[in-house]
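One-letter residues, chain by chain:
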Amino acid sequence: MSEPTLHSAPERRSAPGELELVRRFVNTVDIEASEEELGDPRGAAEWLTRRGLLRKRLRITDRDLELLLRVREAIRELAFANQSGGRAAGTIATLNEIARTLPLSVRFEGSGRGHLEPGSRGVKGALARILGIVYTSMADGTWPRLKACRRDTCRWLFYDHSKNRSSRWCHMSICGNRHKARTYRARHHRASAS
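Asker: Summarise the pattern of salt bridges; cite the residues concerned and give the values.
Answerer: Evaluated as defined, the whole model comprises 12 salt bridges. Note that Glu18 is salt-bridged to Arg129, the shortest N-O span being 3.0 Å. Of this pair, Glu18 sits in the segment before helix H1 (19–26) while Arg129 sits in helix H5 (residues 123–140), placing them 111 residues apart in sequence. A salt bridge links Glu97 to Arg70; the shortest N-O distance between them is 3.6 Å.

Asker: Which residues make up helix H3 (residues 62–84), and what values go with them?
Answerer: Counted at 1.5 Å a residue, the expected span for H3 with its 23 residues is 33 Å, and the 33 Å between its end C-alpha atoms agrees. In the stretch just after H3, Gly85 is the one whose phi turns positive, near 80°.

Asker: Before we move on, can you summarise the nonpolar core with the specific residues and values?
Answerer: Phe25, Ile60 and Ile75 are the most contacted members of the largest nonpolar core, which totals 39 residues. For this core, the secondary-structure elements that each account for two or more residues are H1, helix H2 (41–50), H3, helix H4 (89–99), H5, strand E5 (146–148) and strand E6 (157–159). It is H3 that contributes the most residues to this core, nine residues altogether. Residues in contact with Ile75, not counting those within four places in the same chain, are Val22, Phe25, Val26, Leu95, Ile130, Leu131, Val134 and Trp143. In terms of nonpolar packing, the next biggest core, distinct from the first, is built from seven residues, Cys149, Phe158, Trp169 and Cys175 among them.

Asker: Describe the packing of aromatic side chains, naming the residues involved and giving the relevant values.
Answerer: Within the structure shown, the criterion is met by one aromatic pair. With a centroid separation of 5.9 Å and 50° between ring planes, the pair formed by Phe25 and Trp47 is classed as tilted. Of this pair, Phe25 sits in helix H1 while Trp47 sits in helix H2; the two residues are 22 residues apart in sequence, bridging distant segments of the chain. Judged on exposure class, the residue Phe25 and its partner Trp47 are both buried. Taking the ring centre of Phe80 as reference, the NZ or CZ of Arg155 above it sits at 4.0 Å.

Asker: Go over the packing of H2 against H3, please, and point to the residues and values.
Answerer: Between H2 and H3, the shortest axis-to-axis distance is 9 Å and the interhelical angle comes to 60°. Considering the angle they form, H2 stands oblique to H3. Helix-helix and strand crossings are classified by hand; for H2 and H3 the assignment is left-handed. Residue-level inspection shows Pro41, Ala44 and Leu48 of H2 in contact with H3, the latter providing Asp62, Leu65 and Leu68. Grouping the constituent residues of the contact of H2 with H3 by class yields five nonpolar, no polar and one charged.

Basis of the calculations
- Residues numbered from 1 in each chain as written.
- Predicted model: local features only at pLDDT ≥ 70, side-chain atom pairs only at ≥ 80, totals over all residues.
- Heavy atoms only, no water.
- Salt bridge = Lys/Arg side-chain N within 4 Å of Asp/Glu carboxyl O.
- Helix = DSSP H or I, 4+ residues; strand = E, 2+ residues; numbered from the N terminus.
- Expected span 1.5 Å × (residues − 1).
- Core = buried A, V, L, I, M, F, W, Y, C linked by side-chain atoms within 4.5 Å.
- Buried < 20%, exposed > 50% of the residue type's maximum accessible area, 1.4 Å probe, protein only.
- Contact = heavy atoms within 4.5 Å.
- Phe/Tyr/Trp six-rings, centres within 6.5 Å; stacked < 30°, edge-to-face > 60°.
- Lys NZ or Arg CZ within 6 Å of the ring centre and 35° of its normal.
- Axes fitted to C-alpha atoms, helices over the stretch in contact; angles between N-to-C directions.
- Parallel < 35°, antiparallel > 145°, perpendicular 65-115°, else oblique.
- Left-handed = near helix turned anticlockwise from the far one by under 90°.
- Nonpolar A, V, L, I, M, F, W, Y, C, P; charged D, E, K, R; others polar.

So, in structure tokens, the structure goes:
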């Protein structure tokens, strides 16, 4: 019997509000299982359309796809920094470079509340919405709980619902146990070698 993959494991609880969209966007690739939902422009367009980020029948170019993947991986690195406490200068530079090109503005409602709104409906509009959600979650304090699994062959995004914000793995039963088993074997191997 094969080991469970992240897609077959019980799903962790969702991230709050629109931050769940960001979590799902970054988790469009299962690194370990080599499953990619944004593998080509058509697949990417279908994924974005199903989530209301792109109008039907809008085409995505290879260049658009490359931009989507760059943002996805930069957000993953930013969420991984929520685990490690560090910041990758390259990741911040990438996000700033892309964010400067995205149409995003503040819109106020009749109630006096404001929100960030993309200024277009194409791929850049979709990315503007996603980065707007990241920014909003940083402002409201939910961002530090969005983390990337510490297991280097996984890096799946999850929302840390623990009281002390100490979750390290997307699924303790899979990634946590695999990490502990690998650590045990390495420690046992060192002990037997000495």
